[in-house]
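# Summary of structural features
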Amino acid sequence: MNDISRRRFLGVALGAGGLAMLPGVAFSAKKRAQAQPEPATAPATGSALAAIKAHIAQWTREGKPFGSDQLAPDNEAQWERLVNHYFDRAGFTSISVNAANLCPSLKPVESMQALVQRLLDQDISFPMRGELAQASLGDGLEAVKTWFGLDGAKADFLLALVANSTEGNNFINNGLVTSGFFDPQRDNILVWDVNHPTNYDAWQYRKATQGWSEQSVRTLQTKMFAQKVTEDERKQGMLPSDPQSPDDVIEPLLRLVDANTKMVTLSWQSNECGMLLPMARIVSAVRGVSKDVHIHADSAQTFGVLDLLLDKVGVDSIAGSFHKWPCGPKMVGILYMREQTGAAKRFTPSIWGYDEHINTPADYGFAADSGTIDPNAKRFSYLGQQNDATLVATWMAALFHTGHFHPNLTPAKVEARIHHLGDLAKKALFAQLPKVFPDFTPETAYRFIATPTTRDDLRSSVFLFRTPEGIGAGDVMKHVYERHRFAIANLKVKGHELLRISPTICNTARDVSDVVAAVVDVIQAMKNKTLASNVHPRAYA
């Protein structure tokens, strides 16, 4: 390759700014800027995809030195090497221990977004954007299938890229009636009272605005800060926040399921109480009552946490967000529909637009006046113009989580590591909370910590806990940020003001112990009146 053609190729791959930083190129670039501008040379078809693949290859090469790291969940040295290589810790002005809400993006994700944005700044032609569509909705979704344990699946369009879990959940709760799958005067839907609002309140909104019957939405209830419920409470469909066994979850749930239940929709892991549901057992139990029921698992708190293995678990659909635990790009989510049950056909999408190829459903044989649309998850992909840089960057997140960049990293190892961080959070809370709650003991922990503490298999690393009487959780959150530079969350759950920490793979073991110590330090200072109260009025849910 001669010097001119080399520069043209690199210019396409890196953009003008990146090209000017290359050795031996910066000086000549400056001379050209002083001379008469030359006409831009159009990149060859295929050059965008080639640049994207070259970028992937670069990150793959950079990961090879970590090939001997086996990433045992408690090997802090190896996980710190991963954290420091893939996250810009030196550039953080605060450390987020708030994966249940938002995470910093992986460096490969950020760099891919920057690359694609430069490509778009140079060329927004249909051929070039077609290459980006192949990268995101072709190669990228294939990588996500591997991530989900679906790489052997033959069916196309199991997955759709959506804006976030909110949009995915609303596709679910807004399309049942029109499709004819759900009759709101006869059938019922089961929700959980500590679902995310887009999977709980949204159903109440549909019921109120669309004339559904009073019994159309049934609620599995949670008795907060409790290890047991009475037999009457269990019969009414209530479970304790600290179950002593999975049966304490499944038995009250089954009390609410009957032959007319068309939908069971649950947060796989609750962002409001930290409970991780035994989803495979729930699926099996519900199917034992009725085969004709759609089971939706809101996976905002399990996508990027668990080794999902969706084919084995058997849920009909999930919705998740890349900006949380996966440490992926912002403003993009995933919606999965199980092909074996024809799950997608149960939901009429609320959006009729065009896809990444500027085609409408009519271009694929589904005329608008026919009232038909793709019978699979593609029906949720007609979203109009989206951010191509964000969509392509989902490929990088999927490649990272499946060990393409960091050898030996797998979804199972990510799950084990996050659970270990949860172990460390529980240990830190048990050590620190007695300093502000004199009657806190391991046996009474459930009275102070909403997250299950008896059964470790019923939680991961989402921990919610009380503050002492007179100490506002929002004030603690704000002071922890300002005084210790940790980003955490506070929520109002069933009348309780709670703090929440949720460490993930962008965190170190020291982050976990330090953030709990920071919370207790702030609470003690507020008790001593050296830090102010009533400084933060809002609870983030």
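Whatever comes next refers back to the structure up there.
Residues numbered from 1 in each chain as written. Predicted model: local features only at pLDDT ≥ 70, side-chain atom pairs only at ≥ 80, totals over all residues. Heavy atoms only, no water.

## Brief notes about the pattern of salt bridges
A side chain with one charge may pair with a side chain of the opposite charge, provided their charged atoms come close. For the coordinates displayed, the defined rule picks out 24 salt bridges. Between D457 and R455 there is a salt bridge, with the nearest N and O atoms lying 2.8 Å from each other. Given a relative accessible area of 27%, R455 falls into the partly exposed group. With a closest N to O distance of 3.1 Å, R510 and D514 form a salt bridge. Here D514 and R510 lie together in helix α17 (residues 509-527), a separation of 4 residues that amounts to about one turn. Take D514: its relative accessible area is 30%, and that puts it in the partly exposed class. Within the structure, one salt-bridge network assembled from shared partners comprises E231, R234, E251 and R255. (Salt bridge = Lys/Arg side-chain N within 4 Å of Asp/Glu carboxyl O. Buried < 20%, exposed > 50% of the residue type's maximum accessible area, 1.4 Å probe, protein only. Helix = DSSP H or I, 4+ residues; strand = E, 2+ residues; numbered from the N terminus.)

## Structural notes on the environment of Q70
Summarising the element assignment, Q70 is placed in the loop between α3 (47-63) and α4 (76-86). As a C-alpha pair, Q70 and N408 span 338 residues in sequence and 6.0 Å in three-dimensional space. Excluding its chain neighbours within four sequence positions, the residues that come into contact with Q70 are Q78, N408 and K413. (Contact = heavy atoms within 4.5 Å.)

## A closer look at the sheet that holds strand β12 (residues 489-493)
One open sheet accounts for 3 strands, arranged β10-β13-β12; its pairing is antiparallel. On the outer flanks of this sheet lie β10 (463-465) and β12, each paired with one strand and no other. The sheet shows a mean angle of 35 degrees between the axes of neighbouring strands, direction not considered. Against the sheet, helix α16 (residues 473-484) contacts β12 and β13 (496-501), and its axis sits at roughly 25 degrees relative to β13. (Pairing = 2+ DSSP bridges. Axes fitted to C-alpha atoms, helices over the stretch in contact; angles between N-to-C directions.)

## Some remarks on α16
In this model, α16 (12 residues) spans 16 Å end to end at C-alpha, consistent with the 16 Å of a helix rising 1.5 Å per residue. Taken together, the buried positions of α16 are A473, G474, D475, V476, M477, H479 and V480. On its buried face, α16 sits against β11 (486-487), β12, β13 and α17. (Expected span 1.5 Å × (residues − 1).)

## Section: unusual backbone geometry
Positive phi is not limited to glycine here, since I358 has a value of about 60 degrees. The residue I358 is located in the loop between β9 (333-337) and α14 (388-401) in this model.

## Observations regarding the packing of helix α11 (residues 247-254) against helix α12 (residues 279-289)
Direction vectors running N to C along α11 and α12 enclose 25 degrees, while the axes themselves pass 11 Å from each other. Between α11 and α12, the angle is such that the two are roughly parallel. Regarding α11 and α12, the two cross each other, and that crossing is right-handed. Counted together, D247, V249, I250, L253 and L254 of α11 and R281, I282, A285, V286 and V289 of α12 form the full contact between these two elements. A per-class count over the contact of α11 with α12 returns 8 nonpolar, no polar and 2 charged. (Parallel < 35°, antiparallel > 145°, perpendicular 65-115°, else oblique. Left-handed = near helix turned anticlockwise from the far one by under 90°. Nonpolar A, V, L, I, M, F, W, Y, C, P; charged D, E, K, R; others polar.)

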